Amino acid sequence: MTDSFNRQIDYVRIAVTDRCNLRCFYCMPAEGIVYEPKKDLLSYEEITRLLRVLGQLGFSKVRFTGGEPFLRKDFIKLLEHTAEIDAFNSIHITTNGTLLQKHIVRLKELGITKINLSIDSLNAERFHKITRRNDFEKVMQTFHLLIDNGFQVKLNAVIMKGINTEDIIALAELTKNYNVDVRFIEEMPFNGGYKENLEMYSAKDIYADLRAHYSDLKEIPSKHGDTANLLSVAGYKGNIGVIAAFSRTFCNTCNRLRISAKGKIKSCLYDDGVFNIRDFMRAGVSDADLADKFSEIIRLKPKDGFEAEKMRKAPETAMQSMSSIGG
Ligand code: SAM
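Everything in this summary refers to the structure shown in the same document. (Residues numbered from 1 in each chain as written. Predicted model: local features only at pLDDT ≥ 70, side-chain atom pairs only at ≥ 80, totals over all residues. Heavy atoms only, no water.)

Right, let's talk about the environment of Val-53 for a bit. Among the secondary structure elements, Val-53 is positioned in helix α1 (residues 44-56). Assessed through its relative accessible area of 1%, Val-53 is described here as buried. (Helix = DSSP H or I, 4+ residues; strand = E, 2+ residues; numbered from the N terminus. Buried < 20%, exposed > 50% of the residue type's maximum accessible area, 1.4 Å probe, protein only.)

Below, the structure is given as structure tokens:
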């Protein structure tokens, strides 16, 4: 399906839970989080039904995220059902990597080998400071396990001034020996209420650090829907990406919809949710009704994240946690 700006929309990101076992300070408060009751989350049957309908509308790529997707009970069952939907030939997961290891064989069997692993620092102390948990070693083990098993890994690191800018080169250096994309993300204001330290370390700052260190950075042409501008260092196996998530410079190639754990559809990361597809489904609508609704939402997709932000009804949702949106 194409939207009114002639963008092909074929990618859906689904947050399967709002719960997480880490507490990254830029995403969630340390405590006092009120989780959604389980009955309010989309069930696996509901998610699979939505995917079938989206498949009929030409969607071919899905990413499961959260919260931490592996925290939801029987997440593998959802993956199994999704793998049975022919339309979705590209199934991706975004995870913190702490709970993945025991599922590695099943993931491989299902052909689900595209994993985005979030890791904001290669220094155990800084990792702890950012995530408020002691799981650095576990995440690194997961990284190596994925690589050793031939998974296509992308590492995501949110870069924050005064917190982990010194990790930029250390993380980029992973691309020397590993065929991975290491992607640096601008911090966004989706942090569940944390308001300090939003002094932006922008994509421009990240580029400047990379260019100061590497004299031979080459730009790699982007593919359909890429949010990262990719670069590579001569002779290195992997790529380095910069995602201007706050500056929003990539909206003209947007190809996605988001669905929150409670079934709220976001046609842009910066809108405050345009429709609750869960309630619509639970009211007993047909698949044709669902398809019509998705078509309407895609048609009305805003031009960019700035337009979406202007159209928000509730500005305070700027402080919504990314754990309910899914990144
Ligand atoms: N638990 C999984 C994980 O850690 O990857 C998936 C959910 S997490 C919300 C998805 C991504 O969103 C992570 O890479 C995380 O770093 C990123 N994220 C969360 N809050 C953010 C914020 N305020 N600004 C930029 N990225 C953010």
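We now examine the site of the ligand. For the ligand, the set of nearby residues contains 19 residues, the closest of which are Tyr-26, Gly-67, Glu-68, Ser-118 and Met-188. Contacts to the ligand include Glu-68, whose side-chain N or O atom sits 3.0 Å from a nitrogen atom. Between the ligand and Thr-95, the relevant distance is 3.4 Å, taken from an oxygen atom to a main-chain nitrogen or oxygen of the residue. Its free accessible area being 550 Å², the ligand has 94% of it covered by the protein chains. Per-class residue counts for the shell around the ligand are 6 nonpolar, 10 polar and 3 charged. (Near = heavy atom within 4 Å. Polar contact = N/O pair within 3.5 Å; in protein donor to acceptor, adjacent residues only side chain to side chain. Areas by Shrake-Rupley, 256 points an atom, 1.4 Å probe, with all protein chains shown as cover. Nonpolar A, V, L, I, M, F, W, Y, C, P; charged D, E, K, R; others polar.)

When two helices pack together, their arrangement is given by the angle between the helix axes and the distance between those axes. Two elements in contact, α1 and helix α10 (residues 287-299), have axes separated by 10 Å at closest approach and are oriented at 65 degrees. Judged by the inter-axis angle, α1 sits roughly perpendicular to α10. Once α1 is placed against α10, the crossing between them reads as right-handed. Facing Arg-49, Leu-50, Val-53 and Leu-54 of α1, the residues of α10 in contact are Asp-287, Leu-290, Ala-291 and Phe-294. (Axes fitted to C-alpha atoms, helices over the stretch in contact; angles between N-to-C directions. Parallel < 35°, antiparallel > 145°, perpendicular 65-115°, else oblique. Left-handed = near helix turned anticlockwise from the far one by under 90°. Contact = heavy atoms within 4.5 Å.)

Turning our attention to the pattern of salt bridges. A side chain with one charge can pair with a side chain of the opposite charge if their charged atoms come near. All told, the structure shown has 19 salt bridges when counted by the stated rule. In this structure, the salt-bridge partner of Arg-106 is Glu-109, at a minimum N-O distance of 2.7 Å. Note that Arg-106 and Glu-109 are positioned in helix α3 (residues 104-109) at a spacing of 3 residues, about one turn of the helix. Given a relative accessible area of 32%, Arg-106 falls into the partly exposed group. When its relative accessible area of 53% is taken as the criterion, Glu-109 is described as exposed. A salt bridge links Lys-303 to Asp-304; the nearest nitrogen and oxygen atoms lie 3.7 Å apart. Taking relative accessible area as the criterion, Lys-303 reaches 46% and is therefore assigned partly exposed. One connected set of salt bridges, linked through shared partners, spans Glu-80, Arg-106 and Glu-109. (Salt bridge = Lys/Arg side-chain N within 4 Å of Asp/Glu carboxyl O.)

Ranked by size, the top nonpolar core spans 98 residues in total, and within it Phe-64, Leu-79, Phe-184, Leu-210, Ile-259 and Phe-294 carry the most contacts. When sequence neighbours within four positions are dropped, the list of residues in contact with Leu-79 reads Phe-64, Ile-91, Ile-93, Leu-107, Leu-110 and Ile-112. (Core = buried A, V, L, I, M, F, W, Y, C linked by side-chain atoms within 4.5 Å.)

With that settled, the discussion passes to the environment of Met-1. Summarising the element assignment, Met-1 is placed in the segment before β1 (11-15). Ignoring any residue separated from it by four or fewer positions in sequence, one finds Met-1 in contact with Arg-7, Gln-8, Ile-9, Leu-57, Ser-295 and Ile-298.

In this section: α1. Look at α1: 18 Å from first C-alpha to last across 13 residues, which is about the 18 Å you get at 1.5 Å a residue. Taken together, the buried positions of α1 are Tyr-44, Glu-46, Ile-47, Thr-48, Leu-50, Leu-51, Val-53, Leu-54 and Gly-55. Against the buried residues of α1 lie β1, β2 (61-65), α2 (75-83), β10 (256-259), α9 (277-282) and α10. Positive backbone phi, approximately 100 degrees, marks Gly-58, located one or two places after α1. (Expected span 1.5 Å × (residues − 1).)

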